[in-house]
Amino acid sequence: MSLDAQDPTPHTHAHGHGHHHGSYLTPKGGVGTVIWDWMTTIDHKKIGVMYLFAVLFMFFLGGAAALAVRTELFYPVRTETTMVAKISETGAPVLDESGKPVMVANTKVTGQFLANLTGNGDAQSIAEGNKIYNRIFTLHGAIMVFMVIVPSIPASLGNFLLPLMIGAKDVAFPRLNLLSWYIYVFGSVFAVASIFGGGVDTGWTFYTPYSTTTDAGHWRVVFMVLSAFILGFSSILTGMNFVVTVHKLRAPGMGWFDMPLFVWGIYSTAIIQVLATPVIGITLLLLTMERLFRIGIFDPALGGDPVLYQHFFWFYSHPVVYVMILPGMAIINETVAVHSRKRIFGYRAIAFASLGIAAVSFLVWGHHMFTSMSELASTVFSALTFLVAIPTAVKVFNWIATLYKGSITFNTPMVYTLIFLFLFTIGGLTGLPLGTLATDVHLHDSYFVVAHFHYVMMGGTIMALMAGMHHWWPKMFGKMYNEAGGITGALLVFVGFNITFFTQFFLGSQGMPRRYASYPTVDNDFQILHQTSTIGSFVILVGFLVHLLVFVHSLIAGKKAPANPWGGLTLEWQADSPPDEHNFTHEPIVTHGPYDYDDVVPPHWDPKDWPMPPPLPGAPARTTMAHAPSKPEI
Amino acid sequence: MTTLPTSQSLPDLHEKKKPLWSRYVHGHHWRSQTEEFDGLKLGFWLFLTTEVLLFAGIFCAYCLFRAMYPGAWAEGSGSLNWQWGALNTIVLLLSSYTMAAAIYCFQTDQQKRGRMNLLITIISGAAFVAIKLVFEYYPKWTMGKRPGSLFDYPFATDPHVPLWWSVYYCGTALHALHVIIGMILIARVYVKSLKGQYGPTYYTGVEVAGLYWHLVDLIWIFLFPLLYLIH
Amino acid sequence: MSHQAATSFNELDPHGYEQPGHGQHHSHPIVGPFTLRSILALLLVFTVLTVGQAQAELWLTGAFEIAFPLWVNIVVVMGIATVKAVLVMAFFMQLRYDNPINTIIMAFCFFAMSLFLGFTAMDLLTRGRVTEFKNGPVVAGGTGAGVPSANGQPLVTAARTRYLEKFLADPVLVEARLTARMLDDAARSTLAAAPGALQAHGHDEGSSAHADSRAGHDEAAVPEALAAAAITSVASEIRHKLAYRQSLPSPRLFAAKSLADKAASLVADGHAAAGALVSTAAADAANGRLPADSKELAAHDFEMLAAEAHATSGHGGHADHGHTASDKNTTRGKSGLSGALDTTADGHHDDAHSEGGHTSVEKH
């Protein structure tokens, strides 16, 4: 560990290797050349960036749907009947024999936002509005789950960072990576086509027998189901790629327990992706067969079992929520260590906890189906669900222990890390009443569930994605961003998020069911809670718009980023910002662990950016890593 | 088990006349060709697990409905002709052998034999699909033994028999689709081998296509007794 | 590339991949033809074994009237399949010679599959243990709701009803059925005209093959017997076509032609008298009067077809025995929870099978 790092490759090698390509973002020619380059690239960095922008675009699309849902719920839908004077064609009131105006009932629908966009506000519009509402929340769910959250961190940040962090030149199968990207695009096209065709109202879970019988004769449902099927392949191929990359392409000297914990998280995610996704493939295939040919295995009218579909569906969909959260946790591992400038607490515990979460995630899917299953199965699944909380809690404790006595800097990544810890803990804790059979009977399919999964998925994964984006933005694009803008956006998102979703816990425990376009208002607080929630959702919108502005400004006019703005010790910070096309100009040598802040001075880091804390009393002097030249000497 | 020759033991030919397989250069992000080969195999085994898990859904539906409706399963299985199933099994086993033999041939630089083995494998696959379509699917379909709501066979006795047919058709059709995909993969390998792409130091493509084909055989090894041999 | 000696540790290449002479070295063993052929032979042997055990079970059930519990079949069959799978994976897919990680991956995969199966089974097979309403289907086979052609019945019943209606109404099918009956009458009357005790061998449709062979064995083959056998075989051909719903556009002409062919072959074989009888029958078939129809006869014909369809559907040559045996297996097979819980289905099932049993016992 006290090895004085010297440039191991002689200059002849650098010369012999040829020209320096410049960063991966450098255009290679005119517009046409650049477009073709990006369309046919097998560079993991470019593919990661394309995924990132696609995911963010889909996030705004799904978010727009969410805002429509919340706007609809601002007012309950009511039919008001008032008696008004009957008016004849001439405009004069019609009078009866005694001279009094004739009163007729005037029915008006109030509180319905969606139908008023398309209909004319009369009584029939309620049904129409409800149909549209169903389509919009399905759209929100399907887009967010399949096109945003599942690929978000692994495919974007994972693709970009994994090879850099282990010192590889690319992922194991670069062309397969490009294929994954195109499959993602292809699948999204199917979804968009389905949406343009009018959308689907089955809910993102496509429960039978409704999904097999609704909208008969139309192709919309089949397209949406096919879209999810195709996106599954993208997920599988990415997972395969990552597992082989981690097994085979680590830099010399980097053993399993020398890897950054981000890699452990992505690796566990990849395992789940490979094992779980094929099951949704066969499920959706059978669903399509059921819908097109009514083969009957999920149809009680033909002797089949609709709960079998639920088993098939949730066998994938539960592990996939861990595909969603594990990469988020992987990011937090990195940001919490770097921005508290402290060795992460319990490296091996976190590494094994990641694998443990991946393993236990396959045992608990029945907790989505407590009300459909036999009592024995419900009991067993409930007990196993409590088990999965253990490795998760280990991680949370370790992060908090990392923060303790660290040298914390309140920049945007750290603020988002703290937000993550707060929101994810709430989300995890509220999973407990849902995993407990007695309480779940009341809370199932209520807003409590909605609040819970938004806390873990959005309060978890999306906040971690924001943390990761702000943490690695300088590396990816070579530009710094406006820190004040980032913090403002983060605080707006945090406040808005809590206003939106904390109220929904109350809504749920008071009995508000999910996926309902309207609600009663007698003897409950539903309306005020819904209105609060809606206001909060618009605050979230403002927060994300601030982020969008900050990022766009950064790309256009941001300060040039140094190679290691935060003083990280993992290998990606040894590459340039943005990295060279081949990642590293020389093969990196690992001579210290990824979190050895006590022992090593981070390479490519400027002390005036982040002052280092003084070394602990009695600790040996820190080793200085000499700068490896980022450009070859000419 | 003998080991393969190193590139040093090749006869010293003129650069241009050296066969394609000996001039293979591994991807630049791998440290060596061995690493690449091992990595590819690892990746492909991961892919095979996804294929197995795809069929897991069918097997799960099969097992559960068999446990719940054993009468329908016995009746349905009884109306399948085990002779065709056994013939198909033998065809696939033989084709598995020829595929493994093809790998051996390329490992020992017997190009012609290797290609012949590949061809036999493809033809066996085609025979499998043909037997299935002509002697199994067509007669059953015309008799009315069809999945789910398409069921139209008047002489069934157990009310859950249409479910049996759904599971049967889904399982065997999905498998036949994989046979066809396997055939396409092997055909691609065959075409490449015509140019001398595969040999003792580079035969990854043949290996990978072989793995896929063996998986297809593996799935049939389980499907056959489960579908045809219940009593 | 480095100044170090070949033997010292090179940080850039710790495994020595880039060393000259080591670079392209493959250490993958070759699986030779002897091994491959032995494994193939083993696989074929196991295939024969697995088919054999199924047939043996059938035979044992039929011959000794034992019924095997359901799990025997599953355990043996899956056991053999597992052995075959392991052979293919270890030798053809070369897992035995590979990095153990590949085997671990496959083992994990099967483990995940078993989790999936096990936990789903834990739910689906324990319904109704505590609360009855979570039990199985109320109407066995479903109500057929939403399937336009099912008319609110389970699909199997609907298919049967549909065909029965067609069977009773469609002129071609009626003609075929009555032609077959007419041929049976003709065969019986021919046989009745024959001297001797050959009539004692009840000629029922299902054992026409036996009748043929028995008739053939007789040295002094009575022409009537041969003729009757030929006519009966044509009748059962027509029934076979009906049972398998093969097309039969003009049954009487088909009957006449088949009989004429059979007559010609009999004459060619030297049985002139028998041939003559058959030709007469052929003429009758073409021009004679079809027997009167009635609902009971039609229903009875339908049941015969059902029996024929079951008998020839794959239980080998053991038509009656096989059918009875499968009755036993299926009713006894409903052991355990699924049997205990599946009361409605069981009841329905017994009805259906008592019909079947009834049919196989009754001789025409």
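Chemist: Tell me about the overall build of chain B, residues and numbers included.
Modeler: The secondary structure content of chain B amounts to six helices and zero strands. In chain B, the succession of helices and strands from N to C terminus is α-α-α-α-α-α. By principal-axis analysis of the C-alpha atoms, chain B measures approximately 75 × 30 × 30 Å. Buried residues in chain B amount to 61% of all 231 residues. Of the contacts formed within chain B by residues at least 6 apart in sequence, a portion of 76% connects residues at least 24 apart.

Chemist: Got a sec to walk through the overall build of chain C? Specific residues and values, please.
Modeler: From N to C terminus, chain C includes 13 helices and zero strands. N-terminal to C-terminal, the α/β element order of chain C is α-α-α-α-α-α-α-α-α-α-α-α-α. Burial analysis of chain C (364 residues in total) assigns 38% to the buried set. Residue pairs at least 24 apart in sequence account for 65% of intrachain contacts in chain C once pairs closer than 6 positions are excluded.

Chemist: Talk me through the interface of chain C and chain A; I want residue IDs and the actual numbers.
Modeler: Tallying the contact residues gives 27 residues for chain C and 27 residues for chain A. Residue classes in the side of chain C that touches chain A are distributed as 15 nonpolar, seven polar and five charged.

Chemist: Can you break down the confidence of the model for chain C residue by residue, with the values?
Modeler: For residues with low pLDDT, the predicted coordinates do not support detailed interpretation. Residues and elements named next belong to chain C. Residue-level pLDDT values for chain C average 73, and 71% of them are 70 or greater. Here helix H12 (residues 336-341) stands out as the least confident element of chain C, with mean pLDDT 34; helix H3 (residues 100-124) is the most confident, with 94. Ignoring residues within four places in sequence, the model shows residues 1-8, a span with pLDDT below 50, making four contacts including any to other chains.

Chemist: Let's hear about unusual backbone geometry: which residues, and what values?
Modeler: Residues and elements named next belong to chain A. Of note, the amide linkage connecting Thr208 to Pro209 takes the cis form, showing an omega dihedral of -10 degrees. Assignment of secondary structure puts Pro209 in the loop between helix H6 (174-196) and helix H7 (210-213). Of note, the amide linkage connecting Ser577 to Pro578 takes the cis form, showing an omega dihedral of -15 degrees. Looking at where Pro578 falls in the secondary structure, it is placed in the loop between helix H17 (526-557) and strand S3 (600-601). With a phi angle near 60 degrees, Lys405 is a residue other than glycine that sits in the positive phi range. Take Lys405: it is sitting in the loop between helix H12 (375-403) and helix H13 (412-435).

Chemist: Account for helix H9 (residues 272-287) of chain C, naming residues and giving values.
Modeler: Residue and element names in this part refer to chain C. In this model, H9 (16 residues) spans 23 Å end to end at C-alpha, consistent with the 22 Å of a helix rising 1.5 Å per residue. Listed as buried for H9 are Ala274, Gly275, Leu277, Val278, Ala281, Ala282 and Ala285. The buried residues of H9 occupy one face: seen down the axis, they fall within an arc of 160 degrees.

Chemist: Tell me about the nonpolar core, residues and numbers included.
Modeler: One finds Ile231 and Val278 of chain C to be the most contacted residues of the largest nonpolar core, which totals 337 residues. With 24 residues, helix H5 (residues 124-166) of chain A is the single largest residue contributor to this core. Filtering out sequence-adjacent residues up to four positions away, Ile231 of chain C remains in contact with Leu183, Ala186, Ala187, Thr190, Leu259, Val278 and Ala281 of chain C.

Chemist: Give me the lowdown on the packing of helix H10 (residues 306-339) of chain A against H12 of chain A, citing residues and values where you can.
Modeler: All names here are of chain A. It is at 9 Å that the axes of H10 and H12 come closest, and there the two elements cross at 15 degrees. Here H10 lies roughly parallel to H12, going by the angle between them. In this structure, H10 meets H12 at a crossing whose hand is left-handed. When H10 is examined against H12, the residues Met329, Ile332, Val336 and Ala337 are found in contact with a partner set consisting of Lys395, Trp399, Thr402 and Leu403.

Chemist: Quick one: what's the story with the packing of helix H3 (residues 44-72) of chain A against H6 of chain A, residue by residue and with numbers?
Modeler: Working note: a packed helix pair is described by the angle between its axes plus the distance between those axes. All names here are of chain A. Interaxial distance between H3 and H6 falls to 10 Å at its minimum, and their mutual angle equals 15 degrees. Relative to H6, the element H3 lies roughly parallel. Crossing handedness for the pair H3 and H6: left-handed. Of H6, the residues touching H3 (which contributes His44, Ile47, Met50 and Tyr51) are Pro174, Asn177, Leu178 and Trp181. Split by residue class, the contact of H3 with H6 holds six nonpolar, two polar and no charged.

Chemist: Before we move on, can you summarise the environment of Ile74 of chain C with the specific residues and values?
Modeler: Inspection of the secondary structure puts Ile74 of chain C in helix H2 (residues 70-92). Residue classification places Ile74 of chain C among the partly exposed residues on the basis of 16 C-beta atoms within 10 Å.

Chemist: Which residues make up the environment of Val192 of chain A, and what are the values?
Modeler: Following the sequence through the fold, Val192 of chain A ends up in helix H6. Taking the C-alpha atoms as reference points, Val192 of chain A and Gly232 of chain A, separated by 40 residues in sequence, lie 16 Å from one another.

Chemist: So, the environment of Ala173 of chain B: which residues are in play, and what are the values?
Modeler: Here Ala173 of chain B shows up in helix H5 (residues 161-194). The spacing of Ala173 of chain B and Lys132 of chain B is 41 residues in sequence and 9.3 Å in space, taken between C-alpha atoms.

Chemist: Any details on H5 of chain B? Residues and values, ideally.
Modeler: Here H5 of chain B contains 34 residues, and its C-alpha end-to-end distance of 49 Å stays within 8% of the 50 Å for a straight helix at 1.5 Å per residue. Gly196 of chain B lies just past H5 of chain B and shows a positive phi near 80 degrees.

Chemist: Lay out the confidence of the model for chain B in plain terms, naming residues and giving numbers.
Modeler: Scored by pLDDT, chain B has a mean of 90; 93% of the residues are at 70 or more. The element-level mean pLDDT for chain B is lowest in helix H2 (residues 70-78) of chain B, coming to 91, with H5 of chain B highest at 96.

The rules behind each value
Per chain, residue numbering runs from 1 following the sequence as it is written. Note on labels: chains are lettered from A, ligands numbered from 1, in written order. Note on the predicted model: pLDDT of at least 70 is required for a residue's local features to be given, and 80 or more for side-chain atom pairs to be given and counted; whole-chain, interface and lining totals, by contrast, use all residues. The secondary structure listing takes helices from DSSP runs of H or I that are at least 4 residues long and strands from runs of E that are at least 2 residues long, numbered from the N terminus. Counting other C-beta atoms within 10 Å of its own, a residue is labelled buried from 20 upward, exposed at 12 or fewer, and partly exposed in the gap between, with every C-beta atom placed from the backbone. C-beta atoms are first placed from the backbone for all residues, and any pair lying within 7 Å is then listed as a contact. Nonpolar residues are Ala, Val, Leu, Ile, Met, Phe, Trp, Tyr, Cys and Pro. Charged residues are Asp, Glu, Lys and Arg, and all others, Gly as well, are polar. A score between 0 and 100, pLDDT records how confident the predictor is in each residue. One less than the number of residues in a helix, times 1.5 Å, gives the span that helix is expected to have. The arc refers to the directions leading from the helix axis to the C-beta atoms. By convention in this section, buried Ala, Val, Leu, Ile, Met, Phe, Trp, Tyr and Cys residues joined through C-beta atoms within 7 Å make up a nonpolar core. Interaxial angle, 0 to 180 degrees, is taken between N-to-C directions of lines fitted to C-alpha atoms, where a helix line uses only the stretch in contact. The labels follow the angle: roughly parallel below 35 degrees, roughly antiparallel above 145, roughly perpendicular from 65 to 115, and oblique for the rest. Should the near helix be turned counterclockwise from the far one by less than a right angle, the crossing is left-handed, whereas a clockwise turn marks it as right-handed.

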